[in-house]
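So you can see what is in the structure, the chains are spelled out below.
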Amino acid sequence: MIITTSNILLGRAPIVTTGASSDSAANLSDPDFSTIYRSSDPRLLTYQYVGNIGTINYVAVAGINIGAGEFNNVTDFPSRVRVYENNILIKTVNVIRDNCVVVYFQPRNFQILKVELKNSKPINPICTFTAAGIAFEVPNGGEQAGYSRQGLSRPYTQKTTTNAIAAPVSTLTKSIKSKGALSIPNTTLDFSESTWQGFLDFSMNNYFFIQERQNETESVFFDINQSSYLCYDISKN
C-alpha cells in the first residue's frame, strides 16, 4: 500500500500534444472537479509537462471516462494510462472501470513528463485531475485487521418505492462519498516524526491518493491495478 504525500503539478499547465481542444489545459492539473479537459481526438489524450519536473515516483489521474468495462487478455486491452519520460515508456496501467488510476514506479528524475490516456471506445477521453510527486509505502504492509478496501465497495445509496404488495416499482440510486479508516500501529518514531508529519501537513489542504496494491506485473506495457482512489476530508491523524 502506498499513500501520495506531494503533488508537484499544482498550478502547472501542460502542453496538449494529442487531442488539443478549446478547454483550458490548466484544467488537467486543477483539483477543482467542476472543470474538465475533453480531448478532441476520439480515442487519445496526450499531454506533457515540460521543464525541471524533478524526482517523482507516481503519476495519478482522476475523473476519467476510459474504462473498458471488461478484460479479455493482455493483447486485447486498449484502454490504458501511460507515463513517459519524454519518449521513454515508464509504466502502463490498463483500465477496466473509470476509477482513479495511480501509476507507481521507482523514483526517477523527469525533464519532460508525458501522460497518455487511450480509450478503447470511440468516446473522446476526459481527464479532470492529474497529480504527480512522491508516495511512500505504508509500514507493516498497510492493511490491518478490520481495514475495508474502499476500491472494492460501491459507494451508493438506494431508495426503492414499493406497491401495496411490497413489490418494487422504482429505485432511485445516488452516489455518495466513501468513508474509511486506516490504522498504522507499531510504527517507528522516525516515521511518525518525519514522513507521517509531512503527509499530514500536505493532506490538510490537498487531495491525496491511496493505492492498495502495487504493480501486478513487471512489464512496462501492461498492468491491471484498480485499487486506487482519491482521498480528502481527513478527520483524524
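Structure first, text after, so check above.
Residues numbered from 1 in each chain as written. Predicted model: local features only at pLDDT ≥ 70, side-chain atom pairs only at ≥ 80, totals over all residues. Heavy atoms only, no water.

A separate point is the overall build of the chain. A tally of helices and strands in the chain yields two helices and 14 strands. By the compact-globule yardstick of 18 Å for 237 residues, the chain fits well, its C-alpha radius of gyration being 19 Å. With the C-alpha coordinates of the chain rotated into their principal frame, the extents come out at 65 × 50 × 35 Å. Per-residue burial over the chain gives 42% buried out of 237 residues. At a minimum sequence separation of 6, the contacts of the chain that also span at least 24 residues come to 73%. Carbon and sulfur atoms form 50% of the exposed surface of the chain, whose accessible area is close to 12300 Å². Side-chain charges in the chain split into 19 positive and 19 negative, and the spacing between the mean points of these groups amounts to 7 Å. (Helix = DSSP H or I, 4+ residues; strand = E, 2+ residues; numbered from the N terminus. Rg over C-alpha atoms; globule rule 2.2 N^0.38 Å. Buried < 20%, exposed > 50% of the residue type's maximum accessible area, 1.4 Å probe, protein only. Contact = heavy atoms within 4.5 Å. Areas by Shrake-Rupley, 256 points an atom, 1.4 Å probe, with all protein chains shown as cover. Lys, Arg positive; Asp, Glu negative; His and termini not counted. Charge placed at Lys NZ, Arg CZ, Asp CG, Glu CD.)

Further remarks concern unusual backbone geometry. One non-glycine residue, A166, lies in the positive phi region at around 65°. With respect to the helices, strands and loops of the structure, A166 is situated in the loop between strand 11 (156-162) and strand 12 (168-175). Residue A166 is classed as exposed on the basis of its relative accessible area, which comes to 60%. In this structure, D233 takes a positive phi of about 60° despite not being glycine. Tracing the backbone shows D233 in the segment after strand 14 (228-231). Overall, the relative accessible area of 55% leaves D233 in the exposed class.

Here the focus is the sheet that holds strand 13 (residues 208-211). Sheet architecture is open: four strands sit in the order 10-1-13-14, paired in antiparallel fashion. One side of each edge strand has no neighbouring strand; the edge strands of this open sheet are strand 10 (135-137) and strand 14. Between one strand axis and the next, the sheet turns by 20° as a mean value, whatever way the strands run. Pairing between strand 1 (residues 2-4) and strand 10: three bridges, direction antiparallel. When the bridges of strand 10 are listed, I3 appears paired with F136. (Pairing = 2+ DSSP bridges. Axes fitted to C-alpha atoms, helices over the stretch in contact; angles between N-to-C directions.)

Within the secondary structure layout, T195 lies in helix 2 (residues 195-203). T195 sits 59 residues away from F136 along the chain, and the two C-alpha atoms are 8.0 Å apart.

The tally for this structure, following the rule as stated, stands at 13 aromatic pairs. Ring geometry for F129 against F209: centres 6.3 Å apart, planes inclined by 15°, an arrangement best described as stacked. With F129 in strand 9 (residues 129-133) and F209 in strand 13, this residue pair connects regions lying 80 residues apart in the sequence. Across this residue pair, the class does not change: F129 and F209 are buried. Aromatic side chains F136 and W196 sit 6.4 Å apart centroid to centroid with 85° between the ring planes, which places their arrangement in the edge-to-face category. Pair noted here: F136 is in strand 10 and W196 is in helix 2, with a separation of 60 residues, a long-range link. In this pair, the class of F136 matches that of W196, namely buried. An aromatic cluster of at least three residues, connected via ring pairs, comprises F33, F129, Y207, F209 and Y232. (Phe/Tyr/Trp six-rings, centres within 6.5 Å; stacked < 30°, edge-to-face > 60°.)

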